[in-house]
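# Residue-level structural notes
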Amino acid sequence: MNIWNDLARHHAATASRPLLALFDDPARASGFSIEACDFLLDYSKTGIDAEARALLLLLAETAGVEARRKAMFTGAAINETEGRAVLHTALRNMQGRLVVAGQEVLAETRATHARLVTFARDLREGRFRGQGGVITDVVNIGIGGSDLGPAMATLALAPYHTGPRCHFVSNVDGAQVADVLRPLDPETTLVIVASKTFTTIETMTNAAAARAWMAAKVADPAAQFAAVSSDLVRTAAFGIAPERVFGFADWVGGRYSVWGPVGLPLMLAIGPAHFEAFLAGAAEMDAHFRAAPLARNLPVLLALVGVWHNQICGYATRAVLPYEQRLSRLPAYLQQLEMESNGKRVAMDGSDLPRHSGPIVWGEPGTNGQHAFFQLLHQGTRIVPCEFLLAAEGHEPELDHQHLLLVANCLAQSEALMRGRSLAEATRLMQASGLSGDECDRQARHRVFPGNRPSTTLLYPRLTPHVLGGILALYEHRVFCEGVILGINSFDQWGVELGKELALALAPVLAGTDAGGGKDASTLALANRIRAIRDH
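Attention here is on the structure that accompanies the text. Just so it is clear, the structure is predicted and the values come from calculations on it, not from any experiment.

## Some remarks on the overall build of the protein chain
Within the protein chain, the regular secondary structure consists of 20 helices and 15 strands. When burial is assessed residue by residue, the protein chain has 51% of its 536 residues classed as buried. Across the protein chain, every contact between residues at least 6 apart in sequence was considered, and the portion connecting residues at least 24 apart equals 74%. Taken as a whole, the protein chain presents about 23,500 Å² of accessible surface, with 54% of it coming from carbon and sulfur. In the protein chain, which carries 48 positive and 54 negative side-chain charges, the distance between the mean positions of the two groups comes to 1 Å.

Next up, the structure:
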């Protein structure tokens, strides 16, 4: 039995069926929704029917999702190309024990968490101060997971900010670090340098710029630096005292690291209690993922929807559309989480994949997107599955009427994507406006919506720290499940290495100390032109 082939045949047999026809079954909405951990996932507006779901669940079962899940949570080295365990979930596990390779893992993570809490309280309560007074601003310097996670979460939880203002620098483009630092006071600013090895070139270049900025006004700039790093030698050489260095193990990947020391700026902004609620929301999703049967498991079902759309239907992209302005950085965060994890071309054993791997992930918050790219979503020639995220309530009771307008827009968009508008309906609209004949027909055709555009909706009560933790853990486990089903390693990222190596080799070419032998003609010509412009 080849489940992939069975799914392909089923899709071919049902592809012409209107999504709206599925709702002839009065139990469609409830039967293709799932509730857990304060979330409702509605996937009824997709082409998945009972037979497709049964085949998808069988695919997950035969791929070994349950066994691989157990291996991950118990510390097996499931990152096989690097020989590492995958234990970011340990960072939010505040109960029990976990022994890996003879080491009690949770004791170490909890000790680090306690140090983070102490430092956060000392800073927030004024015991740790800048050389000009109480710390008013925090600048986090990182890149990739060391930036996207805390930057996204800090923005998302703005209603809970009671600490210093937090700013984020990631790009090696000097414009960003200059723009962030310019309005700040060096005497009341803490700089956090987040790099596990303390060698990431973009991060260390920006860290050097921040230190020079601070040294122009502060007698001991290193005293106002902290580090998220596992290399105490390099952090000491930079001048950062060991009590302000917070490390994490190699079984925590960068894009999975916001739960630990990488989340320090978030903890400083919202306080340890809210940060622990953030961890608790993720831990609750972990417990659900571990215990719920596949058919009632939120991450598993979300993953199967993704597999159906990408590998079976052939839809190459996925739009993440939070109807929540404070989640405006979530699509970028998920872009890294999904595309760095599952953007692979070979299976775990090194053989070529027999089918496409992960989709292209993109998106923006609603309602802004409706006035930008939704035209393509509704009437373009390519189908883009949409994933809506929506809170039932906002944080501003005095603006509740605006939140209800936001909710109405979200629900209307998913309905419109599914329902569409036929030529007959469009023609009646044009006739009602007074048009007739060929002009009526021409105008009507411009107003046809094909419909049958699939979407899911993830509904939650309100965006709290607990809920945000659950959302991020849900997507982490979704990525894991998709990776297992595709037979790939979701926890390495060799694809980022080649460009780094070539960039280092180009530095002396741009400096004029290397002729660039072996470089292709295009790259060498561009480098020479840049040198000529700079030397002019």
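More follows now that the structure is in view.
## Describing the environment of Val 86
You can see Val 86 is positioned in the loop between helix H4 (65-73) and strand E3 (99-100). Remark: the alpha-carbon pair of Val 86 and Gly 75, spanning 11 residues in sequence, is separated by 6.6 Å. Beyond its immediate stretch of four places on either side in the chain, Val 86 contacts Met 72, Ala 76, Ile 78, Asn 79, Trp 251 and Phe 491.

## A few points about the environment of Ser 414
Relative to the elements of secondary structure, Ser 414 occurs in helix H15 (residues 400-419). A relative accessible area of 1% places Ser 414 in the buried class. Sequence-wise, Ser 414 and Arg 462 are 48 residues apart; in three dimensions their C-alpha atoms are separated by 20 Å. Excluding its chain neighbours within four sequence positions, the residues that come into contact with Ser 414 are Lys 45, Phe 388, Ser 455 and Thr 457. Side-chain polar atoms of Ser 414 contact the backbone oxygen of Leu 411, separated by 3.0 Å.

## Observations regarding H4
Within H4, the full set of buried residues consists of Val 65, Arg 69, Ala 71, Met 72 and Phe 73. Buried residues in H4 make contact with helix H3 (50-63), helix H11 (272-291) and helix H18 (465-486).

## So, the nonpolar core
Nonpolar side chains tend toward joint burial in soluble globular proteins. Formed by 116 residues in total, the largest nonpolar core has its most connected members in Leu 190, Leu 468, Ile 471 and Leu 472. The element contributing the most residues to this core is H18, with 13 residues. Dropping the residues within four chain positions of it, Ile 471 is found in contact with Phe 39, Leu 330, Leu 389, Leu 458, Tyr 460 and Leu 463. Ranked by size, the runner-up nonpolar core spans 20 residues in total, among them Val 177, Leu 184, Met 214 and Val 245.

## Overview of the packing of aromatic side chains
Tallied over the entire structure, the rule returns 15 aromatic pairs. Centre to centre, the rings of Phe 32 and Tyr 43 are 5.6 Å apart; their planes meet at 70°, and the pair counts as edge-to-face. Residue Phe 32 is located in the loop between helix H2 (28-31) and strand E1 (33-36), and its partner Tyr 43 is located in the loop between strand E2 (39-42) and H3; the two are separated by 11 residues in the primary sequence. Considered together, Phe 32 and Tyr 43 belong to a single accessibility category, that of buried residues. Centre to centre, the rings of Phe 480 and Phe 491 are 6.4 Å apart; their planes meet at 40°, and the pair counts as tilted. Pair noted here: Phe 480 is in helix H18 and Phe 491 is in the loop between H18 and helix H19 (497-511), with a separation of 11 residues, a long-range link. Summarising the burial analysis for this pair, Phe 480 and Phe 491 share the class buried. Grouping aromatic residues by their ring pairs yields a cluster made of Phe 73, Tyr 256, Phe 289, Phe 480 and Phe 491. Here the guanidinium or amino end of Arg 28 rests over the ring plane of Phe 32, the centre of that ring lying 3.9 Å away.

## Overview of the pairing of E2
Where E1 meets E2, four bridges bridge the pair, whose relative direction is antiparallel. Pairing of Ile 34 across the sheet is with Leu 41, part of E2. Hairpin connection between E1 and E2: a loop of two residues separates the two successive antiparallel strands, and Cys 37 in this loop has a positive phi of roughly 55°. Relative to strand E15 (residues 455-460), E2 runs antiparallel, the two sharing three bridges. Residue pairing across strands places Leu 40 opposite Leu 459, the latter belonging to E15.

## So, the sheet that holds strand E9 (residues 189-194)
Judged by pairing direction, the sheet is parallel, and its five strands sit side by side in the order E8-E7-E9-E10-E11 without closing on themselves. Of all strands in the sheet, those with a lone pairing partner are strand E8 (165-169) and strand E11 (245-246), marking the two edges. Pairing between strand E10 (residues 225-228) and E11: two bridges, direction parallel. Among the inter-strand pairings, Ala 227 is bridged to a residue of E11, identified as Val 245. Of the strands in this sheet, strand E7 (137-141), E8 and E9 are in contact with helix H6 (residues 145-156), which crosses E8 at around 150°.

The rules we used
Residues numbered from 1 in each chain as written. Predicted model: local features only at pLDDT ≥ 70, side-chain atom pairs only at ≥ 80, totals over all residues. Heavy atoms only, no water. Helix = DSSP H or I, 4+ residues; strand = E, 2+ residues; numbered from the N terminus. Buried < 20%, exposed > 50% of the residue type's maximum accessible area, 1.4 Å probe, protein only. Contact = heavy atoms within 4.5 Å. Areas by Shrake-Rupley, 256 points an atom, 1.4 Å probe, with all protein chains shown as cover. Lys, Arg positive; Asp, Glu negative; His and termini not counted. Charge placed at Lys NZ, Arg CZ, Asp CG, Glu CD. Polar contact = N/O pair within 3.5 Å; in protein donor to acceptor, adjacent residues only side chain to side chain. Core = buried A, V, L, I, M, F, W, Y, C linked by side-chain atoms within 4.5 Å. Phe/Tyr/Trp six-rings, centres within 6.5 Å; stacked < 30°, edge-to-face > 60°. Lys NZ or Arg CZ within 6 Å of the ring centre and 35° of its normal. Pairing = 2+ DSSP bridges. Axes fitted to C-alpha atoms, helices over the stretch in contact; angles between N-to-C directions.

All quantities given are derived from atomic positions and should not be read as evidence of function.
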